Amino acid sequence: AGVLAAHKITASSPDTDLPTVSGLRKMGVNFTVSNKDTVKSSDVLFLAVKPPIIPFILEEVGPDIEPRHIVVSCAAGVTISSIEKKLSTFCPTPKVIRCMTNTPVIVREGATVYATGTHADVEDGKLLEQLMASVGFCTEVEEDLIDAVTGLSGSGPAYAFTALDALADGGVKMGLPRRLAVRLGAQALLGAAKMLLESEQHPGQLKDNVCSPGGATIHALHFLESGGFRSLLINAVEASCIRTRELQHLADQEQISPAAIKKTLLDKVKLDSPSLSVASASKVSLFTSKSKKN
Amino acid sequence: RRGCGSGARPHAAMEEPELWVGFVGAGRMAGGLVRGLLQAGKVPASNVLASAPSDRNLGAWRELGCRTTHCNLEVMYRSTLVFLATKPHILPGVLEEIRPAVGPQHIVVSLVAGVTIQTLQRLLPPGTKVLRIMPNLPCVVQAGAMVFSRGSNAGDEEAALLQSLLSSCGLCEEVPESYIDIHTGLSGSGVAYVYLFAEALAEGAVKMGMPGTLASRIAAQTLLGAAKMLLETGEHPAKLRGDVCTPGGTTIHALHQLEKGALRATVMDAVEVATKRASDMAKD
């Protein structure tokens with residue numbers, strides 16, 4: 001998005017063989033295996049590890065956190081208060097922002113929300129917003145809504161991919177080549193979403209506008225309704241939100257299953273004690289344009 | 001059985017504003033329409049003549065100030081705008097009976113379910129101005145929904161007349177004849193779907209502890225109020241629905257239940273089935 005020069009970005013990961021690592025390197029991002037180095041060379045610190053790993057990371061980098069740092073957690077289900085609690089043993093007023101985004105940030109059409117912690121200023125929130133707005137939609141919310149956001153736009157792309165796969169199947173069944181079917185299906189959803197975002201009208205109205213009396217579309221919609229399409233989607237958002245809350249509950253209790261750790265960590269990880277752990281997947285941090293590092 | 005007085009004589013073509021209205025058949029639906037007509041103030045009750053085989057319904061008409069008879073031919077002689085409001089199986093016989101008295105001055109409007117304009121025109125003299133109307137039950141309380149279509153000889157004047165007379169009974173719109181069966185599925189029968197829904201709403205409330213009579217009244221008022229808002233705001237129902245749903249609140253929870261039950265599809269099915277049945281019956 002051109003918001004930040006690559007050389008101002010530092011990322012760390014214990015495993016340098018990940019495809020994401022070489023991708024980042026190609027972009028010109030600074031890479032290190034040391035989380036501490038990342039923290040030291042950053043002002044805005046994104047914690048992009050899996051939720052069970054967050055406590056380990058916080059223990060590790062806690063001593064290096066300074067007042068200037070804005071710690072942004074993207075970890076699902078990890079509360080601001082749990083992060084602040086962990087960091088407060090090292091730093092009296094840690095600036096914490098909790099963020100929930102989604103995968104389409106990759107194509108700069110992400111949906112991101114953030115909630116600011118106790119010691120994060122309005123400007124800190126706005127800085128994050130500026131950064132994330134460059135990759136899609138970004139707005140501030142109250143923290144208690146983040147689980148619902150996860151259910152809707154966090155998981156949302158997966159619902160869309162599923163729908164697109166099925167739509168393409170429908171196209172193929174009716175005679176379209178697969179590639180064309182996928183392309184058309186995706187474009188249809190993209191176009192519809194764009195229409196909705198740019199319109200003042202209710203989606204129900206937009207739907208009606210497509211349905212000519214006795215026509216093809218209304219027949220198709222009847223099928224969707226018969227199958228409980230709407231309620232399935234409502235169920236999905238609800239299930240994802242509830243699961244997020246469960247994960248949060250687990251994280252709060254710091255119950256980490258060995259399987260979860262095993263999956264995330266690779267052979268290079270030592271598990272002597274939590275404070276010495278170098279457990280992390282990857283962590284990207286960004287320089288702030290306001291920073292004295294300029 | 002139907003004695004016709006010899007005093008009956010043909011009536012001259014109608015002059016503005018004197019309109020002579022007749023009803024062949026005087027049942028509930030006809031009664032609803034005449035009440036609306038009279039309320040519209042366009043036709044004095046004394047200008048209305050209704051015929052029926054028995055006196056059972058006619059008393060109520062007389063109370064309104066209308067004239068009554070047992071002679072269908074008399075209705076034709078004394079009226080220009082004639083509503084046919086018999087039961088479907090009676091109609092062919094009635095048409096045969098009145099046919100000799102039908103002239104170019106007449107406007108014949110059929111309320112008879114399932115009888116097409118084609119059939120009506122076939123059984124009446126060529127050139128007769130025929131219109132077909134499908135009302136619904138709430139016409140009796142002047143909150144009806146009616147659609148009408150014109151036959152080959154009915155023109156803008158006749159359509160406009162009908163519209164202006166019946167708008168006081170509720171919504172009255174001209175449509176192509178092909179919509180009439182759909183109207184049956186949507187609104188003719190639709191009234192029954194609403195009664196079913198109202199009953200279910202009230203039962204839900206009774207289950208939760210509210211007395212039945214109160215629950216029924218509130219259910220009815222809820223439907224009335226919601227419908228009124230729809231009609232008066234002109235907003236899309238989806239928007240109005242959204243307006244009622246506070247995040248995480250009671251309404252959205254309840255709506256989820258309705259969606260789980262595929263209520264929308266079921267209602268669509270009902271309208272579809274009733275429409276198809278109406279057109280099947282018309283073919284009989």
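All of these numbers come straight from a predicted model, not from anything done at the bench.

**Some points on the confidence of the model for chain B**
Residue and element names in this part refer to chain B. In the predicted model, chain B carries a mean pLDDT of 91, and the fraction of residues at 70 or more is 94%. pLDDT under 50 marks residues 6-15. Its contacts with residues more than four places away, or in other chains, come to 12 contacts. In the model output, the complex is listed with pTM 0.77 alongside ipTM 0.70.

**As for the side chain of S51 of chain B**
Residue and element names in this part refer to chain B. Tracing the backbone through its elements, the reader meets S51 in strand β2 (residues 48-51). At 2.6 Å, the side chain of S51 and the side chain of N72 are in polar contact. Apart from residues no more than four positions distant in its own chain, S51 is found in contact with F23, V24, G25, A26, L58, T69, C71, N72 and V75.

**Considerations on the UniProt feature "binding site: NADPH" (unreviewed entry) in chain A**
All names here are of chain A. In the numbering used here, UniProt assigns the "binding site: NADPH" (unreviewed entry) feature to N35. By secondary structure assignment, the location of N35 is in helix α2 (residues 35-40). Owing to a relative accessible area of 3%, N35 belongs among the buried residues under this scheme. In this structure the side chain of N35 is engaged in a polar contact, spanning 2.8 Å, whose partner is the side chain of S12.

**Structural notes on the UniProt feature "binding site: NADP(+)" (unreviewed entry) in chain A**
Residue and element names in this part refer to chain A. The UniProt record annotates "binding site: NADP(+)" (unreviewed entry) at S13, A48, V49, K50, P51, C74, A75 and A76. Counting through the fold element by element, V49 comes out in the loop between β3 (44-47) and α3 (54-61). Mapped onto the elements of the fold, A76 is located in the loop between β4 (70-73) and α4 (80-88). A relative accessible area of 26% means that A76 is categorised as partly exposed. Setting aside residues no more than four positions away along its own chain, A76 makes contact with P51 and M100.

**Looking at the UniProt feature "binding site: NADPH" (unreviewed entry) in chain B**
Residue and element names in this part refer to chain B. Feature annotation in UniProt places "binding site: NADPH" (unreviewed entry) on N72, given in this structure's numbering. Here N72 is to be found in helix α3 (residues 72-78). Since its relative accessible area comes to 5%, N72 is described here as buried.

**What to know about the packing of helix α7 (residues 156-173) of chain A against helix α8 (residues 178-198) of chain A**
All names here are of chain A. It is at 8 Å that the axes of α7 and α8 come closest, and there the two elements cross at 130°. In terms of orientation, α7 and α8 fall into the oblique class. Where α7 crosses over α8, the handedness of that crossing is right-handed. Contact residues: α7 offers A160, L164, D165, A168, D169, G171 and V172, while α8 offers R178, A181, V182, G185, A186 and L189. For the contact of α7 with α8, the residue count by class is 8 nonpolar, 2 polar and 3 charged.

**Here's the deal with the domain arrangement of chain B**
Domain annotation for chain B reports domain 1 (21-176) and domain 2 (189-282). Each of domain 1 of chain B and domain 2 of chain B has a C-alpha centre, and these two points are 33 Å apart.

**Let's talk about the packing of aromatic side chains**
A full pass over the atoms with the stated rule returns 2 aromatic pairs over all chains. In this structure an aromatic cluster arises from ring pairing among F23, W61 and F83 of chain B.

**A look at the sheet that holds β2 of chain B**
Residue and element names in this part refer to chain B. Taken in spatial order, the 8 strands of this open sheet run β3-β2-β1-β4-β5-β6-β7-β8, and their pairing is mixed. Each edge of the open sheet is held by one strand with a lone partner, namely β3 (67-69) and β8 (170-174). Shown here is a sheet whose adjacent strand axes are inclined to one another by a mean of 20°, direction ignored. Where β2 lies against β3, 3 bridges are found, and the strand directions are parallel. Opposite S51, over in β3, you have T69 as the bridge partner. Along the sheet face, helix α1 (residues 28-40) touches β1 (21-24), β2, β4 (81-84) and β7 (144-150) and points at about 170° away from the line of β1. Where helix α7 (residues 178-188) meets the sheet, its contacts fall on β6 (129-134) and β7, and the angle it forms with β7 comes to roughly 170°.

**A few points about unusual backbone geometry**
Phi at R108 of chain A takes a positive value of approximately 60°, unusual for a residue other than glycine. On the secondary structure map, R108 of chain A appears in the loop between β5 (95-100) and β6 (110-116). Taking relative accessible area as the criterion, R108 of chain A reaches 48% and is therefore assigned partly exposed. Backbone geometry places Q142 of chain B, a non-glycine residue, at a positive phi of 60°. By the element assignment, Q142 of chain B lies in the loop between β6 and β7.

**Considering the interface of chain A and chain B**
Counting residues at the interface gives 14 residues for chain A and 13 residues for chain B. Carbon and sulfur atoms supply 63% of the area that chain A and chain B bury against each other, a total of about 1,200 Å² over both sides. Remark: the boundary between chain A and chain B carries 0 salt bridges. The tally of links from chain A across to chain B stands at 6 residue pairs in polar contact (both at pLDDT 80 or more). The set of elements that each furnish at least two residues to the side of chain A that touches chain B consists of α9 (203-210), α10 (216-226) and α11 (229-252) of chain A. Of all the elements, α11 of chain A adds the most residues to the side of chain A that touches chain B, at 5 residues. Here the residues of the side of chain A that touches chain B sort into 2 nonpolar, 8 polar and 4 charged.

The rules behind the values
Every residue gets a number counted from 1 within its own chain, in the order that chain's sequence is written. For this description, chains carry letters from A and ligands carry numbers from 1, given in the order in which they are written. Local features in this predicted model are restricted to residues whose pLDDT is 70 or higher, and side-chain atom pairs enter the listing and the counts only when it is 80 or higher, whereas totals over whole chains, interfaces and linings include all residues. The side-chain figures draw on all heavy atoms in the structure; neither hydrogens nor water molecules are used. The predictor's confidence in any single residue is recorded as pLDDT, a number from 0 to 100. We call two residues in contact whenever any of their non-hydrogen atoms come within 4.5 Å of each other. Here a strand is any run of E in DSSP of at least two residues, a helix any run of H or I of at least four, and the numbering for each starts at the N terminus. Whenever two N or O atoms come within 3.5 Å, that pair is a polar contact, provided that in protein one can donate a hydrogen and the other can accept it, and provided that, for residues adjacent in sequence, both atoms are side-chain atoms. UniProt positions are given in the numbering used here, feature names are shortened, and annotations may be inferred rather than shown by experiment. Throughout, exposure labels follow a simple rule: accessible area from a 1.4 Å probe, protein chains only, divided by the maximum for the residue type, with under 20% read as buried, over 50% as exposed, and the rest as partly exposed. Under this scheme, a helix contributes an axis fitted over its contacting stretch, all axes are lines through C-alpha atoms, and angles between N-to-C directions fall in the 0 to 180 degree range. Small angles under 35 degrees read as roughly parallel and large ones over 145 as roughly antiparallel, with 65 to 115 read as roughly perpendicular and the rest as oblique. Throughout, a crossing is termed right-handed when the near helix is turned clockwise from the far one, and left-handed when it is turned anticlockwise from it by less than a right angle. The classification used treats Ala, Val, Leu, Ile, Met, Phe, Trp, Tyr, Cys and Pro as nonpolar, Asp, Glu, Lys and Arg as charged, and all other residues, Gly among them, as polar. Where a domain begins and ends is set by an automatic assignment or by a domain database. Ring geometry is summarised as follows: Phe, Tyr and Trp rings, the Trp one being its six-membered ring, pair when their centres sit within 6.5 Å, and such pairs are stacked at plane angles under 30 degrees, edge-to-face over 60 and tilted between the two. Strands pair, by our definition, only if DSSP identifies at least two bridges between them. Defined in terms of a 1.4 Å probe, buried area is the accessible area two parts forfeit on being brought together, summed over both. Put simply, a salt bridge is a Lys or Arg side-chain nitrogen that is within 4 Å of an Asp or Glu carboxyl oxygen.

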